Amino acid sequence: MSRLSLIVAKTEVRRTVRAVSTERTKLLLMGVLAVVMLGPVTVAGSYLLPSLGAEFAGESLPVDAATITAVVTGGVAVGWLFLVFMASIRSFTATASVDEPAFLLVSTPLKNTVIGVIIAEFFLFALWVIPPTLALSSAFAYGAGTVLPVPFALLVATIVLGSAVPVGFVVGICAKHLVTVYEPIARYRTILFIGFWVLYFGALATGRFDLVMSRLFTLLQDSPLGWPGHLLLAGLPNVSASSPLVLGAVVGTVVVSTAAVAVGIAVARIHWFADPARFEDAAEPTASESSSRLATVLSRGLSRPVRTVTVTAIRRTKRAPIRLAYVGYPLFGAIGFVQSIIQSGTVPEHVAVILSLYVVWAAGALFTLNPLGDLGRALPAVVTSTLTGRQAITGLVVAGMVVAAPIALVVSLVLGVVSPLSLEQTAVLIAGTVVGTAVTPALATGIGTAAPRFGSVNVTNNREAVMPSKTAFIIYSVAIVFPTVAAVVLYTDSATLLAELIGAVSAMAPTPDVSVSARGLTLTAWTVLGIGVLAPLVSYFYAIERFDWYTLE
C-alpha cells in the first residue's frame, strides 16, 4: 500500500462526507435509515445482552456449545453475504464511475486508485458497522464480566469487512460494465433494473427473502464464510473455539482480499477506459415514429404549439427517465400492502383506494410539478419565444393526462374487480381515478411554478437530474390528500364515526378534551372538498400568468 493510495482514499472519503453533509435531505434520510435499520437492534441488544453475558459467565451455558457455534458461524456467514450485497450496490452506483476521471486516472497508476477507492469504501462501511458492534459487544462484556468480547467482536467485524468490501467492489464494477458497455445487455438495462428491483422487493413482500436467508443461515454454518465466527467464539467465556478455523479465517481473509483487489484492478482497467455502449441511433426512428403518431392523434383538437410541448415533454422523459425517480419513492411503502394482499388472498378496500390515489398523485408529478425548472438551459429561449403561457402549461397538462389516464383506467379497474368493492363502488373508484389524472396535472402546475427548482440534485452518487423542490412536493401531496379524505368522509357518511373517534382519542390524551360534532366535520369536509375542486383551476391560471410574466435574473 503506497502513500498515494492513502491520499486517494482520504480524498474519496472527504468527498463522500462533504456530499452528504451539504445536502440536508440526504443527511436526514441517512439518519432515518440508520435509526430504522440499526436502532432497534442496538437498543434491544444493549438491554438483553448483559443478562446473556452473565449466563455465559455462569457455571452452565444457556444452550449447548454446538448450538452456540452454529448460531455464531451462521450469523457471520449471512452477515458477510449482506455486506457483499451492499458493497456491490455501492460499487455499482458510485465507485464504478470515479469522480474527475480525466485527472484521477492519469495522475497516478491505476493500482493506487483502485486500492485507494477500496480503502475508502472500507472506512465508510466501518462507520456503519463498528458503532453497533462496539455497543453490542460492550453490553455483552458488561454482563460477562470480561472485556475480551469487545476486541474479538471488533476484530471479526474488521475481518468480515476486509474481504466483503473488495469482493463487492469487483461484483459491482463487473455488473456496471455489463449494463453500460456490453451492448447486448446495455440495450435492455432499463428492463433489467426494473426486473431486479421488482424481484428484490417482491421477495421482501412475499417473505421469500426471509426464507432464503434462513436457508443460507443453515447451509453456511460449516462453510469457510462462517470461520470468522470461531474468532468471535474465542472471546466468549466458557466456549471453545477451533484454533485451525480461526487461523483459516485470518489466512482466508488475506487471500480473498488480495485476490479481489488484483481482480478489481484488472476489471477497473477494462471498465474505466472503455467507451459506453451506443445504440441510441438505432432506437431513434422508433421514438420519432411514436412521437409522430402521438402528434397526429393530438392534432384533432390541439394547436401545434400545444402538441409540440406535449410531445417534447414525453420524449425528454423517455430519453432520461431518471428525472422521474421521485415518482417511484412512494412505492417503497407498498411492500406492506403486498404482504397484506398475500396473507389475505385479496386486495383490501383501503389498499385499492390508496393505490388508485397514488396513480392520481403520479399523474401530476410526471411533467407539471416543475414547469419552469424542467426547461433547464432552454429556459431563456422558451420564455422569450412566441410560445404563450397557456400553450406551454396546457401542453404539459395534456402530457400528464395522455400518459396517466390509460394507466389509471387499467389500475383502478383491476383493483376494483379483485377487491371486495361493489360494482357501484368500483365505478366510483374508476371515475374518480381517471378524472383525478386529468385534474392533478393542472393542480401541480401552479404549485410547481410558485416553488420551482432550477438546479440539479444527485439522484444517485454519480447521476444528477432536475427534480421538483421539496416545498412543491409537500404542498402538492397535501393538496391531494386532504380533498380525497374529505370526499371519502362524505361518500361513506362517516362524519359521526370520525367525531366519536376524535373524542375518544382526545379523552385519553393529556391535553384538554376536544369536542367535535358530526355536523362540524361534515361542513369542514364540504369546505375542503370545495377548495380542492377549485384549486386545480386557480393553479392552472396562476401558472399561465407566472409563465407569461416570468423574467430572467
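Here the residue index of a chain counts from 1 through its sequence in written order. Confidence filtering applies because this is a predicted model: local features only for residues at pLDDT of at least 70, side-chain atom pairs given and counted only at 80 or more, and all residues used for totals across whole chains, interfaces and linings. Only hydrogens and water are removed before side-chain values are computed, so all heavy atoms of the structure are retained for them.

Chemist: Looking at this structure, how should I read the pattern of salt bridges?
Modeler: When their charged atoms lie close together, side chains carrying opposite charge are able to pair. Think of a salt bridge as a Lys or Arg side-chain nitrogen and an Asp or Glu carboxyl oxygen that are within 4 Å of each other. Tallied over the entire structure, the rule returns three salt bridges. Arg15 is the salt-bridge partner of Glu12, the closest N and O atoms lying 2.9 Å from each other. On the criterion of helical spacing, the pair formed by Glu12 and Arg15 is a turn pair, its members being three residues apart in helix H1 (residues 3–21). Here Glu183 ties to Arg187 by a salt bridge, and the two come within 2.9 Å at their closest N and O atoms. A simple rule labels every residue: compare its accessible area, found with a 1.4 Å probe on the protein chains alone, to the largest value its type can have, and call it buried under 20%, exposed over 50%, or partly exposed in between. Overall, Glu183 belongs to the partly exposed group, its relative accessible area being 34%. For Arg187, a relative accessible area of 36% translates into the label partly exposed. Only runs of H or I of at least four residues qualify as helices and only runs of E of at least two qualify as strands under DSSP, and these elements are numbered from the N terminus.

Chemist: How do you make sense of the packing of aromatic side chains when you look at a structure like this?
Modeler: For any pair of aromatic rings, the description rests on two quantities: the centre-to-centre distance and the angle between the ring planes. Geometry of aromatic contacts follows a simple scheme: Phe, Tyr and Trp rings, the Trp one being its six-membered ring, pair when their centres are within 6.5 Å, and the pair is stacked under 30 degrees between planes, edge-to-face over 60, tilted otherwise. The full count for this structure, using the stated rule, is six aromatic pairs. Ring geometry for Phe56 against Phe140: centres 5.4 Å apart, planes inclined by 70°, an arrangement best described as edge-to-face. Placement of Phe56 in helix H2 (residues 24–57) and of Phe140 in helix H5 (residues 110–144) is noted, with a sequence separation of 84 residues between them. In this structure, Phe56 and Phe140 share a single accessibility class: buried. Where Trp361 meets Tyr476, the ring centres are 6.3 Å apart and the plane angle is 40°; that geometry is what we call tilted. Placement of the pair is Trp361 in helix H15 (residues 349–367) and Tyr476 in helix H19 (residues 470–492), with a sequence separation of 115 residues.

Chemist: Would you explain the environment of Phe123 in this entry?
Modeler: Within the element layout of this structure, Phe123 appears in helix H5. For Phe123, a relative accessible area of 43% puts it in the partly exposed group.

Chemist: What am I meant to see in the nonpolar core here?
Modeler: The nonpolar side chains of soluble globular proteins are, as a tendency, buried together. For this analysis, a nonpolar core means a set of buried residues of the types Ala, Val, Leu, Ile, Met, Phe, Trp, Tyr and Cys, connected via side-chain atoms within 4.5 Å. Core analysis: the biggest nonpolar cluster contains 47 residues, and Leu83, Val114, Leu161, Phe169, Ile173 and Trp272 have the highest contact counts within it. Counting residues per element, the ones that place at least two in this core are H2, helix H3 (65–95), helix H4 (101–107), H5, helix H6 (149–180), helix H10 (228–233) and helix H11 (243–272). Apart from the residues within four sequence positions on either side, Phe169 is in contact with Ser91, Thr95, Val114, Val117, Ile118, Gly264 and Trp272. In this structure, Ala362, Val383, Leu396 and Tyr476 belong to the second largest nonpolar core, which totals 34 residues. Contacts are assigned to residue pairs with any non-hydrogen atoms lying within 4.5 Å of each other.

Chemist: Where do I start with the environment of Ala442 in this structure?
Modeler: Topologically, Ala442 is positioned in helix H18 (residues 423–450). Each C-alpha atom of the pair Ala442 and Ser539 lies 6.6 Å from the other, and the pair is 97 residues apart in sequence.

Chemist: Help me understand a nonpolar patch on the surface in this model?
Modeler: Think of a patch as exposed residues, more than 30% relative accessible area, with no salt bridge, where like charges cluster within 9 Å and nonpolar side chains (Val, Leu, Ile, Met, Phe, Trp, Tyr) cluster within 5 Å. Per-residue accessibility takes into account occlusion by the displayed protein chains alone, with areas from the Shrake-Rupley method and a 1.4 Å probe. A cluster of nonpolar side chains, namely Tyr188, Ile191, Leu192, Phe193, Phe196 and Trp197, defines an oily patch on the protein surface of about 600 Å² accessible area. As for its placement among the helices and strands, Phe193 is situated in helix H8 (residues 189–206).

Chemist: I keep staring at the confidence of the model for the chain and nothing clicks. Help me out?
Modeler: Scored by pLDDT, the chain has a mean of 83; 87% of the residues are at 70 or more. Each residue carries a pLDDT score, the predictor's confidence in it, ranging from 0 to 100. Taken as a whole, residues 281–285 scores under 50 in pLDDT and shows two contacts with residues more than four places along the chain or in a different chain.

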